[in-house]
Structures are given as structure tokens and as C-alpha cells.
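# Topology and contacts: notes
For reference, the chains in residue letters:
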Amino acid sequence: MPIPPENLAMIESDWPGADWNREESAQLAGPRRGDELGDHTPARLAKFHVPEIVFGPGALAELGHCAARLGARRPFLVTDPGLIEAGWVDEAVAYLRQSELHPALWHDITPNPKDHEIEAAFQMYAEGGSDVIIGLGGGSCIDAAKGVAILSGNGGRILGYQGVDKVVRPIPPTVMVPSTSGTGADVSQFAVVTDTAARIKITIISRTLVPEISVIDPRLLTTMPDWLNGSAGLDALTHAIEAFVSRAHNLLTDSHALHAVALITRHLLGTQLRPNETIPRLAMALGSLEAGMAFTNAILGATHAMSHQVGGQLDAPHGVVNAVLLPHVIRFNAQVWPERFVPLAAAGGIRTEGVPAGEVALLLAERVRELADEVGVPKGLAALGVTETALPQMARTTLRDACMTTNPREADARDIEALFRAAL
């Protein structure tokens with residue numbers, strides 16, 4: 001269903017910079033004198049970091065040219081057995097060889113990439129004299145490729161880079177080729193790695209992790225199984241919603257987040273029902289891309305911080321966990337900032353005119369749950385194996401996750417445990 005015209009107007013009128021066009025808005029100043037150079041308005045400043053993007057059906061054919069432009073001679077291709085079986089790796093390798101490159105292949109990666117897998121991949125990378133690093137696959141392959149790049153440029157153990165801006169030295173050039181429409185890892189400054197000893201996921205955030213080039217070919221999305229298609233799409237929706245309400249949002253991230261919500265809510269189910277149809281796949285590829293561009297610059301919130309703990313404990317599908325948690329986190333955050341959820345609801349096709357903001361936020365939470373039902377996501381975390389006894393520990397580790405920093409509402413361990421319990 002198209003977005004009602006009045007909702008499009010709502011999105012535009014609620015754009016945070018819309019009031020800048022009014023006559024009473026402040027005037028822009030001219031050049032500053034030397035004694036004024038420290039005077040700035042950071043609330044109006046927006047920084048936006050994204051890779052070069054090659055987008056569209058057939059984009060994979062550009063892979064060899066992209067790697068060669070970055071100086072590749074012996075690129076290191078990180079992928080997984082599923083992509084090999086689907087035939088995409090053979091096609092990618094053929095394009096690399098057409099550009100007279102000599103790729104090395106690593107495919108011993110499992111979902112939610114493990115610390116020891118990344119370190120083993122780096123060992124092969126170093127011993128083989130590889131250069132440019134290519135990640136071909138879903139978020140797990142791309143995060144593993146980033147992990148290899150981190151170790152190549154900085155040494156040490158991958159778990160030592162948990163947190164923000166711990167990657168201080170340059171890393172090799174990277175090219176990412178996503179095979180799912182959801183993680184946004186191909187454009188982000190994030191890498192998520194499973195600490196197998198502690199059974200948690202750690203988050204690494206650094207501007208150095210934003211790839212040089214992202215090659216997005218919607219053809220690769222057609223070989224996703226239905227469960228992964230739904231999980232990835234809901235992950236992208238979570239990225240867009242959390243980026244929009246993040247404390248670090250700005251005018252640039254807002255625009256991409258809202259458009260991503262519109263695309264995903266309109267087209268995700270279509271990719272389940274008509275997996276080879278072009279328009280839904282293009283829409284989801286674009287929605288995932290825009291959600292990724294939004295969240296890598298605005299960061300995320302409590303949904304992802306909590307989801308990382310579940311994923312670390314149970315090796316559960318990240319997007320599925322997000323989809324279960326997101327409606328509960330929306331309700332929690334909307335108690336302090338309900339107005340922020342109105343443009344999101346409008347983008348999702350919900351009629352908002354004349355409805356109090358608090359009610360609109362609840363409708364948005366219901367819409368997310370409805371979409372999760374439509375693509376077959378379980379109702380609660382218990383279906384994924386989460387138990388009551390695990391909740392206090394997961395609540396404590398959630399508070400240490402970097403994504404909590406930008407959640408719009410402050411939370412303590414008791415709040416997070418209550419959210420986990422509500423989501424059981």
C-alpha cells in the first residue's frame with residue numbers, strides 16, 4: 001500500500017530542519033574573526049560517513065575493477081559455504097580473475113562470527129601475502145572481513161578492540177558485497193564479534209571500519225532462505241527506527257531512516273511471496289542501504305544492545321531477536337519521547353493525523369509485531385531458548401554495550417531486565 005498523502009506531509013513537516021525555513025528562524029552568519037573561531041553550534045552540525053556505492057542488478061560484475069582500483073593484486077575473499085553453494089563465489093572469483101587478480105578464499109565462517117574464526121582467517125591472510133580484503137555474504141562474513149582488516153593493521157586479539165575508537169591504526173582497503181538486505185554492515189563503522197569464552201557479542205565501532213566500496217547487487221538476495229530474508233529485513237527496520245530516535249541523529253540520518261522505514265514496511269513481505277520479482281528486491285536492497293547509512297552515523301539503541309546479549313548466549317539469528325525486542329523497546333522509549341515516533345509511524349503507513357503521539361507510538365510497536373508475524377518470527381524470546389534465570393546477567397552486560405550510549409531513554413539493569421522479561 002502507498003503511504004497516504006497526509007502521512008507524507010507529516011513526515012515533511014516533522015523533519016527536524018523543517019522550521020529552519022520559517023521567517024523567524026535564525027540567520028546564517030558570515031565569516032568569523034580569529035577570536036570567534038571557537039564559537040560553533042554542534043547541535044546543527046552533521047557528519048556523515050559512507051563508502052563509495054555501486055548499486056543495481058549486475059553490480060557484482062564491477063567487483064574486479066573495484067578491487068583493482070584500491071591496489072589489489074592478491075585480494076582476500078571472506079565468504080561462507082552457503083554463498084559457495086549458491087554460485088555467487090564462483091561468479092565473484094571469475095570477475096576478480098578477469099581483472100588479472102589472484103584471489104585467496106576463506107570460508108570457515110559461521111553465523112555470528114566467532115573470535116577464533118576471525119583470528120584463523122587473519123593467519124591465512126598474513127601468510128598468503130594478501131592485500132585488499134573483500135567480504136561477500138551477510139553480516140557475519142562482512143564483520144569477519146572487517147575483523148581480519150583490524151588485526152592486519154593493528155595486531156593483537158580481536159576482542160581487544162571492543163568499544164569506540166579502539167582501532168587507531170590504518171587498515172587495508174575493504175570492499176563489501178552484501179548477500180542479504182538487512183545488516184547494513186557493508187556501509188557501517190560497526191563490527192560485531194562473538195566472545196566464545198564469555199558467550200557475549202562485543203561491538204567494535206570505528207570510522208576506519210567503513211569500507212572503501214560497497215557493491216550491492218540485488219540478484220544476490222534471491223538465494224536467501226525465507227527465514228533469513230525475514231530476519232534481515234526486520235534487522236534493517238530496527239536499524240532505521242533506532243537511528244531515527246538515537247541521541248546522535250541528525251538531518252542527514254533522519255532522511256535516510258524515514259525512507260528506509262517506508263521501503264521496508266511496504267516491500268519486505270513482497271520479497272517473501274515473490275522472491276524473484278525485481279521491484280521488491282530493489283526496494284529492500286535500497287531500504288537496507290539507507291538504514292545502514294543512517295545507523296552507522298547515528299548509532300543505535302537498547303534493542304541492539306539487548307539483542308547482542310541474546311545472540312552471544314544462544315547464537316540466535318540477530319534480526320529475529322531484534323524483531324522480538326523492538327516493540328517492547330519502542331514502548332519503553334516512547335514514554336519519554338513519544339513525538340519522535342510519529343514520523344516513523346507515518347513512514348510505515350500508519351494514519352497519525354489527530355492521534356496523540358503516545359498512541360501513535362503504540363500503533364508503531366503493533367505494526368512491527370504484525371510484520372514480524374507475517375514473516376514468521378516467534379512471539380517471544382523463550383521460543384529461541386532464553387530462560388528466566390539468564391535475564392539478570394544479560395541485563396547487566398547490556399548496560400556495557402556501546403549501543404546503549406545513544407538510546408533516547410536512560411535505563412538501569414532493572415529496566416532492562418523488565419524489558420527482557422516482557423519479551424519472553
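Refer to the structure above for everything that follows.
Below, the structure is looked at part by part. All values derive from a computational prediction rather than experimental measurement. (Residues numbered from 1 in each chain as written. Predicted model: local features only at pLDDT ≥ 70, side-chain atom pairs only at ≥ 80, totals over all residues. Heavy atoms only, no water.)

### Quick word on the overall build of the protein chain
The condition that has to hold: Helix and strand labels come from DSSP, where a helix needs a run of H or I of at least four residues and a strand needs a run of E of at least two; each type is numbered from the N terminus. Taken over C-alpha atoms, the radius of gyration is set against a globule rule of 2.2 Å times the number of residues to the power 0.38. The cut-offs for exposure are 20% and 50% of the maximum accessible area for each residue type, with area from a 1.4 Å probe on protein chains only; residues under the lower value are buried, those over the upper are exposed, and the others partly exposed. Should any heavy atoms of two residues lie within 4.5 Å, those residues are considered in contact. Charge assignment in this entry is limited to Lys and Arg as positive and Asp and Glu as negative, and neither His nor the chain termini are counted. All charge positions are set by atom: Lys at NZ, Arg at CZ, Asp at CG, Glu at CD.
Along its length, the protein chain carries 15 helices and 9 strands. Taken over the C-alpha trace, the protein chain has a radius of gyration of 21 Å; the compact-globule value for 424 residues is 22 Å, and the two agree within 12%. Taken along the three principal axes of its C-alpha coordinates, the protein chain extends 60 × 60 × 45 Å. Counting over 424 residues, the protein chain shows a buried share of 57%. Considering only residue pairs separated by 6 or more positions, the protein chain has 78% of its internal contacts joining residues 24 or more positions apart. Computed over 33 positive and 48 negative side-chain charges, the inter-centroid distance for the protein chain is 3 Å.

### Digging into unusual backbone geometry
With a phi angle near 60°, Asp165 is a residue other than glycine that sits in the positive phi range. As for its position among the elements, Asp165 is in the loop between β5 (163-164) and β6 (174-178). Within the chain, Asp315 stands out as a residue other than glycine whose phi angle is a positive 55°. Relative to the helices and strands, Asp315 resides in the loop between α10 (302-314) and α11 (318-334).

### Observations concerning the sheet that holds strand β1 (residues 52-55)
Backbone hydrogen bonds hold the strands of a sheet together, and the pairing may be parallel or antiparallel. Which entries qualify depends on this criterion: Any two strands with at least two DSSP-identified bridges between them are counted as paired. Each axis is a line fitted through C-alpha atoms, and for a helix only the stretch in contact is used; angles between axes span 0 to 180 degrees, taken between their N-to-C directions.
The sheet built from 6 strands is open, its strands ordered β1-β9-β6-β4-β2-β3 with parallel pairing. In the strand order of this sheet, the two ends are held by β1 and β3 (104-106), each with one partner. Strand-to-strand, the axes of this sheet are offset by a mean angle of 20°, without reference to chain direction. Bridge count between β1 and strand β9 (residues 213-216): 4 bridges; the pairing is parallel. When the sheet's bridge partners are listed, Phe55 is paired in β9 with Ile216. Its contacts with the sheet put helix α5 (residues 115-127) on β2 (76-78), β3 and β4 (133-137), and the angle it makes with β3 is roughly 165°.

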